Amino acid sequence: MLEVKETTQSDDLLIFERSRPGRIGYSLPECDVPAVPKEELVPQGMLRSEGLAFPEVYEVDVIRHYTALSRRNFGVDNGFYPLGSCTMKYNPKVNEDVARYPGLSKIHPYQPEESVQGALELMYRLQQDLAGLTGMDEVTLQPAAGAHGEWTGLMMIRAYHESRGEKRTKVIVPDSSHGTNPASAAVAGFETVTIPSNSRGMVDLDALRAAVGEDTAALMLTNPNTLGLFEEQIVEIANIVHEAGGLLYYDGANSNAIMGITRPGDMGFDVVHLNLHKTMSTPHGGGGPGAGPVGVKQRLIPFLPEPKIVQVESGRYAIRGARTEGAAGGPTDGGTVGSASSIGRVKAFYGNFGILVRAYAYIRSLGPEGLRQVSENAVLNANYMMRRLAPYYDLPYPDQPCKHEFVMSGSGLAKYGIRTLDVAKRLLDFGYHPPTIYFPLNVEECIMIEPTETESKETLDGFIDVMIAIAQEAETDPDLLRNAPHTTPVTRLDETGAARKPVLNCACG
Ligand SMILES: *Cc1c(COP(=O)(O)O)cnc(C)c1O
């Protein structure tokens, strides 16, 4: 019997199962260099004795296979994606066009400096813009991700304390901190000390006072914090840490709430990283590439990674630094460049250039006013959603406005035998990517929602209405939630098993 199918669904065959011997889906140009037998290039013992087990398919099979897979993907371009702490916002396509300009996308890092002046100028100006936006004195564009930026910042903090002959071994983090913070501190050779939040979801000042001491290297914080709340006592916090001789690290992965409104540098922070792939127009979610530039205050400048992009004279830019490598390297220019105390290079070449181009295009197309509007709308959208959902889900900190995101708790549904996980799975049936759940760890049955500024009121209302309907279903038909999702190709997966024992190859002969 033939089965009737929706036309958008392909069959479930693997590409290997479509394979038929002899089918070819490519045509290579003729070889335009003298052919050399592979036996002359590769030692005998390292040559394959049989061909690779690639599927043999026609071009159209490959196209349909990957198109079908792509339709199963969920992304910002096909739906609302309120994943808290991730800023899954719409990225203007014009910035993609700019990043693809041949003059920017077809250059090579080993080209002579004189032939890539535009690229160097773009990076230099981006450094300046990011320094202005964060209130820092100098910025490195090298780190390739947020966590990489954290590590880079911590290595500078380490070098700073060592240069003063101080042995400081501890990094303090609040219990709401992003998991990468303690992880980066550990990789940079520090011990982490976790301090509890107070009943208002903020850093507990007494706990902080008790934790700081002669061994404090730094406090890592994000503000607004991971609960979406602004640390009102940030100046006091900064004073406590500085008086103990420590530095303040700002996790600026999600800067959507503060652009053009306040700056980490003005709050007293010494180091900050930004995730250009969250706030500044690079799509993300698939593991990269990204960019995590780091800004520092004056006293940390000597420790910045090198080589650096510098302006050598008006309108002329160069790559300089004591540890400059490769053909593009030049002599050192003195000053802080060529610093013996630099922590050195943290990334091949100059960072992920294409991401830097998108960020620069984003900043320049919006301008200072536009960036401020981004933040104001992100905060407005989050507060609107929080207030409309408050009657149906518990707010752990009900009296405070949120910033770009907010947390709720699904624990009120426990009386129907429903958990936050069930709510998240049920959302899939309505075509939404679920919010972040069970993070941060200090809110029970946590649901963390970040609507972003790029969604219309209709989209926000649509999602809110579904969240309310799900809360009502929990009461009237809890099994519907417990067995959700009902409309996806697969339902509840063994997520732990998938992470710990992934099956990555095809066992189909
Ligand atoms: C995403 C995020 C990070 C880590 O960024 P990666 O680019 O994934 O390494 C760090 N801190 C916070 C608060 C984040 O949201």
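Values in this document were obtained by computation on a predicted structure and should not be read as measured data. (Residues numbered from 1 in each chain as written. Predicted model: local features only at pLDDT ≥ 70, side-chain atom pairs only at ≥ 80, totals over all residues.)

1. With respect to the overall build of the protein chain
When its secondary structure is counted, the protein chain shows 16 helices and 12 strands. For the protein chain, the C-alpha radius of gyration of 26 Å lies close to 23 Å, the compact-globule estimate for 509 residues. In terms of overall dimensions, the protein chain has a C-alpha envelope of 80 × 75 × 45 Å along the principal axes. Put simply, 71% of the contacts in the protein chain that link residues at least 6 apart link residues at least 24 apart. (Helix = DSSP H or I, 4+ residues; strand = E, 2+ residues; numbered from the N terminus. Rg over C-alpha atoms; globule rule 2.2 N^0.38 Å. Contact = placed C-beta atoms within 7 Å.)

2. Re the sheet that holds strand E7 (residues 294-296)
Ordered in space as E1-E7-E6-E5-E4-E2-E3, the seven strands form an open sheet in which the pairing is mixed. Lying at the two open borders of the sheet, with one neighbouring strand each, are strand E1 (138-140) and strand E3 (191-195). Adjacent strand axes in the sheet meet at a mean angle of 25°, parallel and antiparallel pairs treated alike. Two elements, strand E2 (residues 170-174) and strand E4 (residues 216-221), share three bridges in a ladder whose sense is parallel. Bridge pairing links Val171 to Ala218 in E4. With respect to the sheet, helix H6 (residues 146-163) is in contact with E2, E4, strand E5 (247-252), strand E6 (271-274) and E7, its orientation differing from that of E6 by roughly 165°. (Pairing = 2+ DSSP bridges. Axes fitted to C-alpha atoms, helices over the stretch in contact; angles between N-to-C directions.)

3. Considering the nonpolar core
Membership of the largest hydrophobic core comes to 111 residues, with the highest contact counts inside it found for Met156, Leu248, Tyr249 and Val271. If one sorts the elements of this core by residue count, helix H12 (residues 353-389) sits on top with 15 residues. The residues touching Val271, leaving out its near neighbours within four places in the chain, are Gly153, Met156, Ile157, Leu247, Tyr249, Tyr250, Val294, Val296 and Leu300. (Core = buried A, V, L, I, M, F, W, Y, C linked by C-beta atoms within 7 Å. Buried ≥ 20, exposed ≤ 12 C-beta atoms within 10 Å, placed from the backbone.)

4. As for the site of the ligand
The ligand sits among 13 residues. The nearest are Ala145, Gly146, Ala147, His178 and Ala253. Looking at side-chain class alone, the shell around the ligand contains three nonpolar, nine polar and one charged residues. (Near = placed C-beta within 6 Å. Nonpolar A, V, L, I, M, F, W, Y, C, P; charged D, E, K, R; others polar.)

5. Regarding the environment of Gly412
Its location among the elements puts Gly412 in the loop between strand E10 (406-409) and helix H13 (420-429). Given 15 C-beta atoms within a 10 Å radius, Gly412 is considered partly exposed. With 59 residues separating them along the chain, Gly412 and Ala471 place their C-alpha atoms 9.5 Å apart. For Gly412, the contacting residues outside a window of four places in its chain are Tyr393 and Asp394.

6. Examining the packing of helix H5 (residues 117-134) against H12
Their axes nearest at 10 Å, the elements H5 and H12 cross at an angle of 60°. With respect to their mutual orientation, H5 and H12 come out oblique. Taken as a pair, H5 and H12 cross one another with a handedness that is left-handed. Across the interface between the two elements, Ala119, Leu122, Met123, Arg125, Leu126 and Asp129 of H5 pack against Phe353, Leu356, Val357, Ala359, Tyr360 and Ile363 of H12. (Parallel < 35°, antiparallel > 145°, perpendicular 65-115°, else oblique. Left-handed = near helix turned anticlockwise from the far one by under 90°.)

7. Looking at the sheet that holds strand E11 (residues 436-437)
A sheet is described by the order of its strands in space; here three strands give the open sequence E10-E12-E11, paired in antiparallel fashion. The sheet is open, and its two edges are formed by E10 and E11, each paired on a single side. Bridge count for E11 against strand E12 (residues 446-449) is two bridges, and the pairing is antiparallel. Residue Ile437 lies in a different strand from E12, and its bridge partner there is Ile447.

8. Regarding the environment of Tyr393
On the secondary structure map, Tyr393 appears in the loop between H12 and E10. You can call Tyr393 buried: it has 23 C-beta atoms within 10 Å. Through-space distance from the C-alpha of Tyr393 to that of Asn239 is 37 Å; in sequence the pair is 154 residues apart. In contact with Tyr393, not counting residues within four places along its chain, are Met408, Ser409, Gly410, Gly412, Ile447 and Ala471.

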